[in-house]
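# Residue-level structural notes
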Amino acid sequence: MNVPNKITLSRLFLIPIFIILLVAPLNWGEFDIGAYELPIAHLLAGILFIIASLTDWLDGYYARKYNLVTNLGKFLDPLADKLLVSGALICLVELQMAPAWIVIIIVSREFAVTGLRLVAAGEGIVLAASQMGKLKTTLQIGSAAFLILHHFPFSYLGLPIGSILLYLAALVTVISGVEYFKKNWHVMRDSK
C-alpha cells in the first residue's frame, strides 16, 4: 500500500460523501450566484468532487515520479475515475441538471472501452490512454464540476458553462471511443 494507492483510496472514500451531499435533501440554505442559486450542500459536494478529481492527477504524478506503479494501482485508479465521473453524472440526471441521453452515451463508452481493455489484458496487452481520451476525461470532470456548482462563477454572466462543456464532452467521448476502437480493434480480431 504505497502513497499513490492511498491517494486513490482516498478518492474512492470521497465519492459516497460527495454523492450524499449532492442528492440528499439537505436544506442548509443557498447562495444567490447571478442567474442561478447554489445550495450550500452542492457547494460542498462540488468542492469534494474537485478535490477527488485532483487526486487522480496527484496519484499518477507520484506513481510515475517515484516508480510506484503497482497492479493494485492499475486496477484501482481507473475504477475510482469511472466511479467518480459516472456517479456525478448519474446524480446530475436525477437532479435534472444533465440530460440522461448524454450520460448514457458517456457511461456506455466507458463500459465499452473497459471491456476492450479487459480483452487486451487477457492477451497480455496494455492499452494506453490516448490524448483524446485524456481530453474527454478533462471535459467530463469540468462539466460535472460546473454543473454541480450551478455554473459558478460563469453564473454571474448567465452562461451555462457546465451544460456547454457537457455537450462538448459527449462529442469528444464519441470521437475518442471510435478512435480507440479503430486503433485497437486488432485486439478483438486476434483474441483467442
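In this text the structure is predicted, and so the values were computed from the model without any measurement. (Residues numbered from 1 in each chain as written. Predicted model: local features only at pLDDT ≥ 70, side-chain atom pairs only at ≥ 80, totals over all residues. Heavy atoms only, no water.)

### With respect to the packing of aromatic side chains
- Scanning all chains against the criterion turns up 7 aromatic pairs.
- Grouped by ring-pair contacts, the aromatic residues Trp-57, Tyr-61, Tyr-62 and Tyr-66 constitute a single cluster. (Phe/Tyr/Trp six-rings, centres within 6.5 Å; stacked < 30°, edge-to-face > 60°.)

### Focus: the side chain of Ser-130
- Summarising the element assignment, Ser-130 is placed in the loop between helix H4 (100–122) and helix H5 (131–148).
- A polar contact is formed between the side chain of Ser-130 and the backbone nitrogen of Gly-133, at a distance of 3.0 Å. (Helix = DSSP H or I, 4+ residues; strand = E, 2+ residues; numbered from the N terminus. Polar contact = N/O pair within 3.5 Å; in protein donor to acceptor, adjacent residues only side chain to side chain.)

### A look at the pattern of salt bridges
- All chains considered together, the criterion is met by 7 salt bridges.
- A salt bridge links Arg-11 to Asp-81; the shortest N-O distance between them is 3.0 Å. Of the two residues, Arg-11 sits in helix H1 (residues 3–23) while Asp-81 sits in helix H3 (residues 71–94), which places them 70 residues apart along the sequence.
- Relative accessible area serves as the criterion here: at 0%, Arg-11 is assigned to the buried category.
- Here Glu-110 and Arg-109 are joined by a salt bridge, their closest N and O atoms 3.7 Å apart. Of the two residues, Glu-110 and Arg-109, neither departs from the other in class, the shared state being buried.
- Each of Arg-11, Asp-56, Asp-59, Asp-77 and Asp-81 takes part in salt bridges that share partners, so that together they form one network. (Salt bridge = Lys/Arg side-chain N within 4 Å of Asp/Glu carboxyl O. Buried < 20%, exposed > 50% of the residue type's maximum accessible area, 1.4 Å probe, protein only.)

### As for the environment of Ile-148
- Relative to the helices and strands, Ile-148 is located in helix H5.
- For Ile-148 and Ala-80, which are 68 residues apart along the polypeptide, the C-alpha to C-alpha distance reads 19 Å.
- Ignoring anything within four residues of it in the chain, the contact list for Ile-148 reads Phe-18, Leu-22, Leu-38, His-42, Ala-45, Gly-46, Phe-49, Ala-88 and Leu-92. (Contact = heavy atoms within 4.5 Å.)

### Some thoughts on the packing of H3 against H4
- In contact at an axis separation of 9 Å, H3 and H4 are set at 160° when each is read in the N-to-C sense. Considering their axes alone, H3 and H4 lie roughly antiparallel with respect to each other. Once H3 is placed against H4, the crossing between them reads as left-handed. Residue-level contacts link Lys-82, Ser-86, Leu-89, Ile-90 and Val-93 of H3 to Ala-100, Val-103, Ile-106, Val-107, Glu-110, Thr-114 and Arg-117 of H4.
- Its residues placed into classes, the contact of H3 with H4 shows 7 nonpolar, 2 polar and 3 charged. (Axes fitted to C-alpha atoms, helices over the stretch in contact; angles between N-to-C directions. Parallel < 35°, antiparallel > 145°, perpendicular 65-115°, else oblique. Left-handed = near helix turned anticlockwise from the far one by under 90°. Nonpolar A, V, L, I, M, F, W, Y, C, P; charged D, E, K, R; others polar.)

### Regarding a nonpolar patch on the surface
- On the surface, Met-1, Leu-72, Phe-75, Leu-79 and Leu-83 cluster together into a nonpolar patch covering about 480 Å² of accessible area.
- Within the element layout of this structure, Leu-79 appears in helix H3.
- Residue Leu-79 is classed as partly exposed on the basis of its relative accessible area of 33%. (Patch = residues over 30% accessible without salt bridge, like charges linked within 9 Å, V, L, I, M, F, W, Y side chains within 5 Å. Areas by Shrake-Rupley, 256 points an atom, 1.4 Å probe, with all protein chains shown as cover.)

### Examining the environment of Ile-102
- Note that Ile-102 resides in helix H4.
- A residue is classified by how much of its surface remains accessible, and Ile-102, at 0% relative accessible area, is buried.
- Not counting chain neighbours up to four residues away, the residues in contact with Ile-102 comprise Leu-166, Tyr-167 and Ala-170.

### Some words on the packing of helix H2 (residues 40–65) against H5
- One way to put it is that H2 packs onto H5 with a least axis distance of 8 Å and a crossing angle of 160°. It follows from the interaxial angle that H2 and H5 lie roughly antiparallel. Between H2 and H5 lies a crossing of left-handed hand. Counted together, His-42, Ala-45, Gly-46, Phe-49, Ile-50 and Ser-53 of H2 and Ile-141, Ala-144, Ala-145 and Ile-148 of H5 form the full contact between these two elements.
- By residue class, the composition of the contact of H2 with H5 is 7 nonpolar, 3 polar and no charged.

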